[in-house]
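Letter by letter, the chains look like this.
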Amino acid sequence: MRVSLIAGNWKMNTTVAEAVTLVSEMRLGLDEIDNVDKVLCPPFISLAAVRELIKGSSIKLGAQNLYFEEQGAYTGEISPLMLADLCQFVIIGHSERRQYFNETGKIINKKVQAALRVGLKPILCIGESLKENEAGKTGEVVTEQLRSSLAGINELDGLIVAYEPVWAIGTGRAATGKQANETIGLIRHNITELYDKEIARDLRILYGGSVTSANAAEFISQPEIDGALVGGASLKAKEFLSIVTQTSAMRGHFSHID
Ligand code: PEP
């Protein structure tokens, strides 16, 4: 059974005080919905405060990045061990990290391994650029990104994949449900080849890229799509709540795809 999951990536937005206000606005509404996993990913500095606010609720917490070493002289970095104490999920390989911070497949692979080692659930982001999409290379690119990110990893315990076409992130130009479903089907097929049918069947794969309350249903209604990674719309309590509510109503639980 794949339980649907909606994660909010707040990116580099909100002070600690603003994070507290935002969580306070949606905490009760989110907590009432118990058939969808709800994950908030605030900036590092707000993790502790948000954790206090959601204590005892069904809301889960995630970070937006980590470094792959456990400790040491890495000024400014945050280690998997530090996060394992605070949250359950961590976004890895977001296209903004690949684009602005030169994260390569090798680095992302190390980060996924580091997260899994301490029991964090990685939300591994993959997706093609506009140029690659227009050149018909979507399948090739996501396959390569998936394979390099998972190289040498035998157990996917808790891993989640987010298909995020780069051209759809923060642009207001979402993919269509059909396009996203097709690519996510291909990602699942790759998992079958790399691992096995059961692992592929149980892996949760999200769509991300300009998801709002107005278009969420188009993605949630697709058989291969298990939820969404939401950026901009997760900074508005009403929007995020509406996306989670629609997910709960449409497909609280997913069946196995045989
Ligand atoms: C994201 O940051 O992962 C994302 C999908 O952003 P947005 O929803 O704003 O496109």
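Residues numbered from 1 in each chain as written. Predicted model: local features only at pLDDT ≥ 70, side-chain atom pairs only at ≥ 80, totals over all residues. Heavy atoms only, no water.

Engineer: Can you lay out the pairing of strand β4 (residues 59-63) for me, pointing to particular residues and giving the numbers?
Structural biologist: Across the five residues of β4, four count as buried, placing the element largely inside the fold. Here strand β3 (residues 37-41) pairs with β4 via three bridges, running parallel. In the sheet register, lysine 38 faces β4, and the bridge partner there is isoleucine 59. Both β4 and strand β5 (residues 89-92) contribute to a ladder of two bridges, which runs parallel. Residue pairing for β5: glycine 62 is matched across the bridge by phenylalanine 89. (Buried < 20%, exposed > 50% of the residue type's maximum accessible area, 1.4 Å probe, protein only. Helix = DSSP H or I, 4+ residues; strand = E, 2+ residues; numbered from the N terminus. Pairing = 2+ DSSP bridges.)

Engineer: Describe the sheet that holds β3, and please don't skip the residues or the numbers.
Structural biologist: Sheet architecture is closed into a barrel: eight strands sit in the order β2-β3-β4-β5-β6-β7-β8-β9, paired in parallel fashion. Put simply, the sheet's adjacent strands are angled 25 degrees from each other on average, direction ignored. Each of β3 and β4 touches helix α2 (residues 47-54); the most contacted strand, β4, lies at about 170 degrees to it. (Axes fitted to C-alpha atoms, helices over the stretch in contact; angles between N-to-C directions. Contact = heavy atoms within 4.5 Å.)

Engineer: Provide a residue-level description of the pattern of salt bridges, including the pertinent values.
Structural biologist: Here the structure, examined in full by the defined rule, presents 12 salt bridges. A salt bridge links arginine 2 to aspartate 226; the nearest nitrogen and oxygen atoms lie 3.0 Å apart. With arginine 2 in strand β1 (residues 2-3) and aspartate 226 in the loop between α10 (216-220) and β9 (227-230), this residue pair connects regions lying 224 residues apart in the sequence. Looking at arginine 2, the relative accessible area reads 1%, which means it is buried. Judged by relative accessible area, aspartate 226 falls into the buried class, the value being 0%. Here lysine 11 ties to glutamate 96 by a salt bridge, and the two come within 2.8 Å at their closest N and O atoms. A residue pair is termed long-range when its members are at least 10 positions apart, and lysine 11 in the loop between β2 (5-9) and α1 (16-32) and glutamate 96 in helix α4 (residues 95-100) qualify at 85 residues. On the basis of relative accessibility, which here comes to 23%, the residue glutamate 96 falls in the partly exposed class. Connected through shared salt-bridge partners, Arg2, Arg188, Glu224 and Asp226 make up one network. (Salt bridge = Lys/Arg side-chain N within 4 Å of Asp/Glu carboxyl O.)

Engineer: Talk me through the nonpolar core; I want residue IDs and the actual numbers.
Structural biologist: Ranked by size, the top nonpolar core spans 61 residues in total, and within it Met26, Leu40, Leu150 and Tyr207 carry the most contacts. In this structure leucine 40 touches Gly8, Trp10, Val23, Met26, Leu30, Val50, Ile59, Lys60, Leu61, Gly62 and Phe240, once residues within four positions along its chain are discounted. Of all hydrophobic cores here, the second largest spans 12 residues; its members include Leu5, Ile91, Cys125 and Leu229. (Core = buried A, V, L, I, M, F, W, Y, C linked by side-chain atoms within 4.5 Å.)

Engineer: Explain the site of the ligand residue by residue, including any values.
Structural biologist: Taken together, 14 residues are adjacent to the ligand, and Lys11, Glu164, Gly170, Ser210 and Gly231 come closest. Interatomic distance of 2.6 Å between a backbone N/O atom of glycine 170 and an oxygen atom of the ligand. Glycine 231 has a polar backbone atom sitting 2.8 Å from an oxygen atom of the ligand. For the ligand, whose free accessible area comes to 290 Å², the fraction covered by protein is 96%. Looking at side-chain class alone, the shell around the ligand contains four nonpolar, eight polar and two charged residues. (Near = heavy atom within 4 Å. Polar contact = N/O pair within 3.5 Å; in protein donor to acceptor, adjacent residues only side chain to side chain. Areas by Shrake-Rupley, 256 points an atom, 1.4 Å probe, with all protein chains shown as cover. Nonpolar A, V, L, I, M, F, W, Y, C, P; charged D, E, K, R; others polar.)

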